[in-house]
Amino acid sequence: MSRRTVFFVSDQTGVTAETMGHSLLTQFDRVEFRPVTLPFISTLDKAQEAARKINLVAEQEGVRPIVFSTLVQDELRAIVKEANGLFLDFFDAFLGPLESELAVRSSHTSGRAHSMADLNAYTMRINATNFALANDDGAGARDYDHADLILVGVSRSGKTPTCLYMALQYGIFTANFPLTEEELEGRSLPTALRTQHRKLFGLTIKPERLQQIRHERRPDSRYASAPQVQYEVRAAEALFDRQGIPYLDTTECSIEEISSRILDRTGVERRVRP
């Protein structure tokens, strides 16, 4: 397996460069990448220092590194572009064609993608995140009347991180309710959920993966035993089928994919966009 260093260079946080660059790199599974993020490259001195770091890696490793850039300012981009790396510029690739199509020159303003310019959208994301935390694992407020979605599933099936991701990324008010052994033995919806049926979405997971996750949390416990996880998964899926609750197997899904699949299947609208 070959190895390459990858730089993510940005005049702000570097999140956009990392996200887009990583999406491309996942297509090369026979190469091992060493990521280096250089955020807040906002002055000529910082751009020159970034170029020196890139050149140093090229000299040490004997092969030029890959450079993903979201630098907006032309003069900063020009300095980094001269470094000994494969320079892949997202703004340069897309802003030019957009300017031609729209017949308008872009503002070349840095920080727009992750700024607080839209205070309402930012506030919505924070409120949704607070809601998810307050309504996590069936505890706290249980303010299900104000929820857009209520995720249900056995413990460690991915409910909490999915709720937080949808809240922070999209401003969606999502609660989650754990299906415990006691709840599953009842073979019917828990009382707290019976008036919220249209908001329910189930998460399930393969027993082998669930056992592995639970073993890391509570080694050699009944909670992590093979019979227990097999029973819980089987009972939860049977409950979803009886109650007509849509559900998703999260075993092979990232949090991003789980969230997108849920929104696609339920039709819940994103309040804000990343």
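Below or above, wherever it landed, is the structure these notes cover.

Thresholds applied
Residues numbered from 1 in each chain as written. Predicted model: local features only at pLDDT ≥ 70, side-chain atom pairs only at ≥ 80, totals over all residues. Heavy atoms only, no water. Helix = DSSP H or I, 4+ residues; strand = E, 2+ residues; numbered from the N terminus. Rg over C-alpha atoms; globule rule 2.2 N^0.38 Å. Contact = heavy atoms within 4.5 Å. Areas by Shrake-Rupley, 256 points an atom, 1.4 Å probe, with all protein chains shown as cover. Lys, Arg positive; Asp, Glu negative; His and termini not counted. Charge placed at Lys NZ, Arg CZ, Asp CG, Glu CD. Phe/Tyr/Trp six-rings, centres within 6.5 Å; stacked < 30°, edge-to-face > 60°. Buried < 20%, exposed > 50% of the residue type's maximum accessible area, 1.4 Å probe, protein only. Salt bridge = Lys/Arg side-chain N within 4 Å of Asp/Glu carboxyl O. Expected span 1.5 Å × (residues − 1). Arc of directions from axis to C-beta. Polar contact = N/O pair within 3.5 Å; in protein donor to acceptor, adjacent residues only side chain to side chain. Pairing = 2+ DSSP bridges. Axes fitted to C-alpha atoms, helices over the stretch in contact; angles between N-to-C directions. Parallel < 35°, antiparallel > 145°, perpendicular 65-115°, else oblique. Nonpolar A, V, L, I, M, F, W, Y, C, P; charged D, E, K, R; others polar. Right-handed = clockwise from strand over helix to strand, strands pointing away.

1. Points about the overall build of the protein chain
In terms of helices and strands, the protein chain carries ten helices and eight strands. The C-alpha atoms of the protein chain give a radius of gyration of 23 Å, which is well past the 19 Å a tight globule of 274 residues would have. With the C-alpha coordinates of the protein chain rotated into their principal frame, the extents come out at 65 × 45 × 30 Å. For the protein chain, the share of sequence-separated contacts (at least 6 apart) that also reach a separation of at least 24 residues comes to 70%. Surface summary for the protein chain: the accessible area is close to 15300 Å², and the carbon and sulfur share equals 51%. A distance of 3 Å separates the average location of the 33 positive side-chain charges in the protein chain from that of its 37 negative side-chain charges.

2. A few points about the packing of aromatic side chains
A full pass over the atoms with the stated rule returns five aromatic pairs. Considering the side-chain rings of Phe8 and Phe68, the 5.8 Å spacing of their centres and the 10° angle between planes classify their relative orientation as stacked. Here the residue Phe8 occupies a position in strand 1 (residues 2-9), and Phe68 occupies one in strand 3 (residues 66-69), the gap between them amounting to 60 residues. Since its relative accessible area comes to 5%, Phe8 is described here as buried. With a centroid separation of 6.1 Å and 80° between ring planes, the pair formed by Tyr165 and Tyr170 is classed as edge-to-face.

3. Observations regarding the pattern of salt bridges
What the rule picks out here adds up to twelve salt bridges. Note that Arg34 is salt-bridged to Glu61, the shortest N-O span being 3.9 Å. Of this pair, Arg34 sits in strand 2 (residues 31-38) while Glu61 is found in helix 2 (residues 44-61), placing the two residues 27 residues apart along the sequence. Overall, Arg34 belongs to the partly exposed group, its relative accessible area being 43%.

4. Quick look at helix 5 (residues 119-134)
The terminal C-alpha atoms of helix 5 lie 22 Å apart, and with 16 residues this matches the ideal 22 Å at 1.5 Å per residue to within 8%. Restricting attention to buried positions, one finds in helix 5 the residues Ala121, Ala128, Thr129, Phe131 and Ala132. For helix 5, the arc enclosing every buried residue in end-on projection is 160°, short of the 170-degree limit, so these residues lie on one face. Exposed side chains of helix 5 directed beyond 90 degrees from the buried face belong to Leu119, Asn120 and Leu133. Looking at the packing, one finds that the buried side of helix 5 touches helix 6 (159-170) and strand 6 (174-178).

5. Some thoughts on the environment of Glu32
As for its placement among the helices and strands, Glu32 is situated in strand 2. With relative accessibility at 37%, the residue Glu32 sits in the partly exposed group. Along the primary structure Glu32 and Thr5 are separated by 27 residues, whereas in three dimensions their C-alpha atoms are 8.6 Å apart. Looking at Glu32, its side chain comes within polar contact range of the side chain of Arg3, at 3.2 Å.

6. Section: the sheet that holds strand 5 (residues 149-153)
On the basis of which strands lie adjacent, the open sheet formed by four strands has the order 6-5-7-8 and parallel pairing. Each edge of the open sheet carries a strand with a single partner, namely strand 6 and strand 8 (247-249). Each neighbouring strand pair of the sheet contributes to a mean axis angle of 25°, computed without reference to strand direction. Note that strand 7 (residues 200-204) and strand 8 share three bridges and pair parallel.

7. Some points on the packing of helix 6 against helix 10 (residues 255-266)
Viewed as axis vectors pointing N to C, helix 6 and helix 10 meet at an angle of 75°, and their least axial separation amounts to 9 Å. In terms of their interaxial angle, helix 6 and helix 10 are classed as roughly perpendicular. Contact residues: Pro161, Thr162, Tyr165, Met166 and Tyr170 in helix 6; Ile255, Glu256, Ile258, Ser259, Ser260, Ile262 and Leu263 in helix 10. The residue makeup of the contact of helix 6 with helix 10, split by class, is eight nonpolar, three polar and one charged.

8. Things to note about helix 3 (residues 74-81)
For helix 3, the full list of buried residues reads Leu76, Arg77 and Val80. The buried residues of helix 3 occupy an angular sector of 100° when the element is viewed end-on, so they sit on one face. Buried residues belonging to helix 3 abut helix 2, strand 3, strand 4 (86-89) and helix 4 (90-102).

9. Quick notes on the pairing of strand 1
The pairing of strand 1 with strand 2 spans eight bridges and is parallel. By the bridge assignment for strand 2, Ser2 is matched with Val31. One crossover worth recording links strand 1 to the parallel strand 2 by way of helix 1 (residues 15-25), and it is right-handed. By the bridge criterion, four bridges tie strand 1 to strand 3 in an arrangement that is parallel. Bridge pairing links Val6 to Ile66 in strand 3.

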